[in-house]
Amino acid sequence: MSTILLRNLKLEADDYSLLADDAALPASGKIIVSHTRWHAERDALLASGLAIGIKIPNTVDIATVLPEIAERPLIALDFPAFPDGRAYSQARLLAERFAYQGELRATGKAVVRDQIGFMVRCGFTSFELREGQDPAACLAAVHEFSVPYQQAADQSQPVFLRRRSSGA
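Student: With reference to specific residues and values, describe the pairing of strand β7 (residues 103–107).
Tutor: With respect to burial, β7 is a largely interior element, five of its five residues being buried. The side-chain alternation of β7 yields two buried faces, one formed by Glu-103, Arg-105 and Thr-107 and the other by Leu-104 and Ala-106. Read as a crossover between parallel neighbours, the route from strand β6 (residues 74–78) over helix α3 (residues 86–97) to β7 is right-handed. Relative to strand β8 (residues 126–128), β7 is paired through two bridges, and the arrangement is parallel. The partner of Arg-105 across the bridge, within β8, is Ser-126. Between β7 and its parallel partner β8, the chain crosses via helix α4 (residues 113–122), and the hand of that crossover is right-handed.

This is the structure we're talking about:
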């Protein structure tokens, strides 16, 4: 059974598989490996010919690891608990400062409907939804706020700039 993702504002089947650190590499396909495994087995992983995404813990300094992960087609950032928002900062750095062009995926326990709109604004392009969440409701949550109040990675013009340009 494949996982349903919210990706690029559409519901899709996940075409990546999360590979455990001790699991053998598949013969083909798309996989996500931990940053630990990537760091330890980078040459072998690159030689495999697989499409390889990297799962980065929210404790890692993105600027430090960017040179080794920038070319990966997918970077997954972890939200292990609701009050832990460090992955928001990681996403904004990747999207804004480093202009990461691959899939930026939110994973973990705290990827919930009420946060998805904010995650999109920070640069996330896909979301692993928790079991039991209604995918259609999560998709609708992206559009709950029609006017942003602050600048973010999504480049939506914030309300203060709209007011300034309209002379209001």
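Student: Can you tell me about the pattern of salt bridges, naming the residues and giving the values?
Tutor: Within the structure shown, the criterion is met by 13 salt bridges. Asp-14 is paired through a salt bridge with Arg-105; the nearest N and O atoms lie 3.0 Å apart. Here Arg-105 lies in strand β7 and Asp-14 lies in the loop between β2 (10–13) and β3 (16–18), a separation of 91 residues in the sequence. With respect to burial, Asp-14 and Arg-105 carry one shared label: buried. One salt bridge in this structure joins Arg-113 and Glu-144, with 2.3 Å as the shortest N-O distance. Linking Arg-113 in helix α4 with Glu-144 in the loop between α5 (135–141) and α6 (159–166), this pair joins segments that are 31 residues apart in sequence. Relative accessible area serves as the criterion here: at 27%, Arg-113 is assigned to the partly exposed category. Residue classification places Glu-144 among the partly exposed positions, given a relative accessible area of 45%. Within the structure, one salt-bridge network assembled from shared partners comprises Arg-7, Glu-12, Asp-14, Asp-15, Lys-30, Glu-103, Arg-105 and Glu-128.

Cut-offs and rules
- Position numbers for residues count from 1 along each chain, tracking the sequence in the order it is written.
- Given that this is a predicted model, residues contribute local features only at a pLDDT of at least 70 and side-chain atom pairs are listed and counted only at 80 or more, while totals for whole chains, interfaces and linings are drawn from all residues.
- Side-chain metrics rest on all non-hydrogen atoms present in the structure, leaving aside hydrogens and water.
- When a residue's accessible area, from a 1.4 Å probe over protein chains only, is under 20% of the maximum for its type it is buried; when over 50% it is exposed; and in between it is partly exposed.
- To qualify as a helix, a DSSP run of H or I must reach at least 4 residues; to qualify as a strand, a run of E must reach at least 2; elements of each kind are numbered from the N terminus.
- By convention a crossover is right-handed if, when the strands point away from the viewer, the path from the first strand over the helix to the second runs clockwise.
- Between any two strands, at least two bridges found by DSSP are needed for them to pair.
- Each reported salt bridge corresponds to a side-chain nitrogen of Lys or Arg within 4 Å of a carboxyl oxygen of Asp or Glu.

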